[in-house]
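Residues per chain, in single letters:
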Amino acid sequence: MLWRRSDNVVFALLLGGAGLVSVGDGVECQVKGILQVLDDKEGPITKREYQEMLVPVGEALVGQVVDFLGRPYPLQTAAEPAVAAAGGNNGHAAQQKHAAAPIGADQLLPLLNGQPDMESREQINEPLMTGVKAFDILTPLGRGQAQQIVGPQGSGKTQLCIDAVIGQRGTGVRCVYAAVGASHEQLRRTVEQLRQHGCLEYTTVVAATGDRPLGEQYAATLTACSIGERVRDEGGHSLVVLNDVSVMVGGWGGRAAAALACS
């Protein structure tokens with residue numbers, strides 16, 4: 001469950017495909033506790049606290065490539081999916097690895113966190129330098145801001161985001177890269193580039209390749225934000241890169257393609 005609007009209206013994320021449920025199926029929400037409050041006017045009122053979906057956000061995730069539940073994500077090559085489809089041992093091993101125990105489960109946050117109110121937000125007065133001079137001069141990004149990067153396919157949006165992560169070396173900024181919707185080969189190249197530049201020392205990659213269900217891709221995007229929010233809540237700085245936000249729009253019935261970077 002993502003959030004509750006009332007006792008009768010809740011929003012949930014369906015994983016595994018829409019074929020699992022149909023209109024009219026019953027749904028049961030987990031309840032954390034039930035509290036009865038005595039009101040002078042209305043009398044006894046029963047309030048239920050529902051359990052929202054929690055995801056790992058612990059320090060052990062740094063330097064790891066994981067899915068939205070903090071499980072190690074298999075970095076397959078282009079040839080491996082065909083082997084898996086044929087029932088080979090490599091495909092079975094990849095599935096077993098994907099089902100490994102979560103990492104960073106010592107700290108948990110809701111998959112979808114509420115926005116801080118305006119009064120609790122600090123003033124934006126410090127820049128986040130990406131290391132790309134043209135970007136930092138023409139469209140500077142402040143710590144606490146979000147910026148959307150748009151352009152035609154092949155224009156270098158993804159590389160610009162990777163360069164921004166590379167630019168955080170030695171700054172103390174923790175990075176989270178949401179590799180959503182890409183192919184396994186693209187994911188492997190991105191992770192290898194980050195590794196070559198020493199970025200995995202301060203970066204977590206949350207992956208959901210294009211062959212995964214829309215719900216899982218959407219959840220990976222939210223998990224990446226939750227990991228960055230944990231660093232923020234502890235007084236640190238984080239850079240969260242969403243390489244594709246079309247799944248967020250697609251989850252609400254629309255279609256779009258873009259890349260978003262936020263700190």
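Structure shown above.
Scoring rules and cut-offs
Residues numbered from 1 in each chain as written. Predicted model: local features only at pLDDT ≥ 70, side-chain atom pairs only at ≥ 80, totals over all residues. Heavy atoms only, no water. Helix = DSSP H or I, 4+ residues; strand = E, 2+ residues; numbered from the N terminus. Contact = heavy atoms within 4.5 Å. Core = buried A, V, L, I, M, F, W, Y, C linked by side-chain atoms within 4.5 Å. Buried < 20%, exposed > 50% of the residue type's maximum accessible area, 1.4 Å probe, protein only. Salt bridge = Lys/Arg side-chain N within 4 Å of Asp/Glu carboxyl O. Polar contact = N/O pair within 3.5 Å; in protein donor to acceptor, adjacent residues only side chain to side chain. Pairing = 2+ DSSP bridges. Patch = residues over 30% accessible without salt bridge, like charges linked within 9 Å, V, L, I, M, F, W, Y side chains within 5 Å. Areas by Shrake-Rupley, 256 points an atom, 1.4 Å probe, with all protein chains shown as cover.

**Student:** Got a sec to walk through the side chain of Gln217? Specific residues and values, please.
**Tutor:** With respect to the element layout, Gln217 can be found in helix α6 (residues 214-233). Not counting residues up to four positions away in its chain, the partners in contact with Gln217 are Val180, Gly181, Ala208, Thr209, Gly210, Arg212 and Val247.

**Student:** Can you tell me about the nonpolar core, naming the residues and giving the values?
**Tutor:** Soluble globular proteins tend to pack their nonpolar side chains together in the buried interior. Val165, Tyr177, Leu187, Leu194, Val205 and Leu239 are the most contacted members of the largest nonpolar core, which has 26 residues in total. Going through the elements one at a time, α4 (157-166), β11 (174-180), α5 (184-196), β12 (203-208) and β13 (238-242) are the ones with two or more residues in this core.

**Student:** Provide a residue-level description of the pattern of salt bridges, including the pertinent values.
**Tutor:** Per the stated rule, a full pass over the model turns up 11 salt bridges. Between Glu126 and Arg143 there is a salt bridge, and its shortest N-O distance comes to 3.4 Å. Residue Glu126 is located in the loop between β7 (108-110) and β8 (127-128), and its partner Arg143 is located in the loop between β9 (141-142) and β10 (146-149); the two are separated by 17 residues in the primary sequence. With relative accessibility at 19%, the residue Arg143 sits in the buried group. Taken together, the shared-partner salt bridges connect Glu59, Arg174, Arg230 and Glu234 into one network.

**Student:** Could you give an account of the environment of Arg169, with specific residues and numbers?
**Tutor:** Assignment of secondary structure puts Arg169 in the loop between α4 and β11. Between the C-alpha atoms of Arg169 and Glu201, which are 32 residues apart in sequence, the distance is 8.9 Å. Within the structure, the side chain of Arg169 is placed 3.0 Å from the backbone oxygen of His197, a separation counted as a polar contact.

**Student:** Can you lay out the environment of Glu126 for me, pointing to particular residues and giving the numbers?
**Tutor:** Classification of Glu126 as partly exposed rests on a relative accessible area of 37%. C-alpha of Glu126 to C-alpha of Arg143: the two residues are 17 residues apart in sequence and 5.8 Å apart in space. Beyond its immediate sequence surroundings of up to four residues, Glu126 is in contact with Gly142, Arg143 and His237.

**Student:** Any chance you could break down the pairing of β12 for me, citing the residues and the numbers?
**Tutor:** The element β12 is extensively covered by neighbouring structure, given that 6 of its 6 residues are classed as buried. Inspection of the sheet shows β11 paired to β12 by 6 bridges, in the parallel sense. Across the sheet, Ala178 pairs through a bridge with Val206, a residue of β12.

**Student:** Could you give an account of a nonpolar patch on the surface, naming the residues involved and the relevant values?
**Tutor:** A cluster of nonpolar residues, Leu14, Leu20 and Val21, forms a patch on the protein surface that exposes about 270 Å² of accessible area. Mapping Leu14 onto the fold places it in the loop between β2 (10-11) and β3 (31-39). Classification of Leu14 by relative accessible area gives partly exposed; the value is 38%.

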